[in-house]
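Survey of secondary and tertiary structure
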Amino acid sequence: MAIHKILTLGDPLLREKSQPVRKITPNVWKLLDNLADTMYDAPGVGLAAPQIGVLKRVIVVDVGEGLTELINPEVIAASGEEVGAEGCLSIPGAQGEVPRAAVVTVRGLDRHGRVREIRAEGLYARALQHEIDHLDGILFIDKVVRWLENQPGER
């Protein structure tokens, strides 16, 4: 387990589409552990593999209810809309209001290859959507409807 440097705005890897994990190996377990360690150290409520330079579809989220690890996550159902404040460990100091689905169902694999379906709302739903966006090279700044602090610019 290790704490990694979090890539910041301007790094081209943050705009790349991540590849699906084809086989869960000890390297994937290590990636999950490293993501969690890095997220907690930052501190943050979510982290996606591209944020530490790994273009694999792997995320971790913890909004205070315990760690969620997902491999190849996808939103399979969404309803309602809420606009809420977001920031990002890859864009330090910037915050903006972002519209997201109010309730989502996300499907992915756990570290043992078992399918997990998670129904989430509130901050948990927001965090899952934010991290899944990272896997497609989408940053929260692409969806901001109103800036709250320090509008970032691509560097």
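One can find the structure itself at the top, above this paragraph.
Small disclaimer: the values here were computed from a predicted structure and weren't measured.

Time to look at the pairing of strand E2 (residues 58-61). Going residue by residue along E2, you find Val 58 and Val 60 tucked away on one face and Ile 59 and Val 61 tucked away on the opposite face as well. Pairing analysis gives three bridges linking strand E1 (residues 46-48) to E2, with the strands arranged antiparallel. From the neighbouring strand, Gly 46 faces E2, where its bridge partner is Val 61. Bridge count between E2 and strand E3 (residues 68-79): four bridges; the pairing is antiparallel. In the sheet register, Val 58 faces E3, and the bridge partner there is Ile 71. Linking E2 back to E3 in an antiparallel pair, the connection comprises six residues, with Gly 64 at a positive phi of about 105 degrees.

A few words on unusual backbone geometry. Glycine aside, residues mostly have negative phi, and peptide bonds are mostly found in the trans state. Between Ala 42 and the following residue, Pro 43, the backbone shows a cis peptide bond with an omega angle of -15 degrees. Considering the arrangement of structural elements, one finds Pro 43 in the loop between helix H1 (26-41) and E1.

Here we come to the sheet that holds strand E6 (residues 103-109). Strand pairing in a sheet takes place through backbone hydrogen bonds and is either antiparallel or parallel in direction. Reading across the sheet, the five strands line up as E1-E2-E3-E6-E7 and stay open at both edges, with antiparallel pairing between neighbours. For this open sheet the edge positions go to E1 and strand E7 (115-121), each flanked by a neighbour on one side alone. Adjacent strand axes in the sheet meet at a mean angle of 35 degrees, parallel and antiparallel pairs treated alike. Those strands touched by H1 are E1, E2 and E3, and its axis lies near 40 degrees from that of E2.

What follows deals with the side chain of Asp 133. Tracing the sequence through the fold places Asp 133 in helix H2 (residues 122-134). By relative accessible area, Asp 133 is classed as buried at 10%. Those residues in contact with Asp 133 that sit more than four places away from it in its chain are Arg 100, Ile 138 and Lys 143.

Right, let's get into the nonpolar core. Of all hydrophobic cores here, the largest spans 15 residues; its most connected members are Ile 59, Ala 120 and Leu 128. Looking at this core, the elements with two or more residues in it are E2, E6, E7 and H2. Sorting elements by how many residues they give to this core places H2 first, with five residues. Ile 6, Val 21, Leu 32 and Leu 35 belong to the second-largest nonpolar core, a separate cluster that totals 13 residues.

Cut-offs and rules
- Residues numbered from 1 in each chain as written.
- Predicted model: local features only at pLDDT ≥ 70, side-chain atom pairs only at ≥ 80, totals over all residues.
- Heavy atoms only, no water.
- Buried < 20%, exposed > 50% of the residue type's maximum accessible area, 1.4 Å probe, protein only.
- Helix = DSSP H or I, 4+ residues; strand = E, 2+ residues; numbered from the N terminus.
- Pairing = 2+ DSSP bridges.
- Axes fitted to C-alpha atoms, helices over the stretch in contact; angles between N-to-C directions.
- Contact = heavy atoms within 4.5 Å.
- Core = buried A, V, L, I, M, F, W, Y, C linked by side-chain atoms within 4.5 Å.

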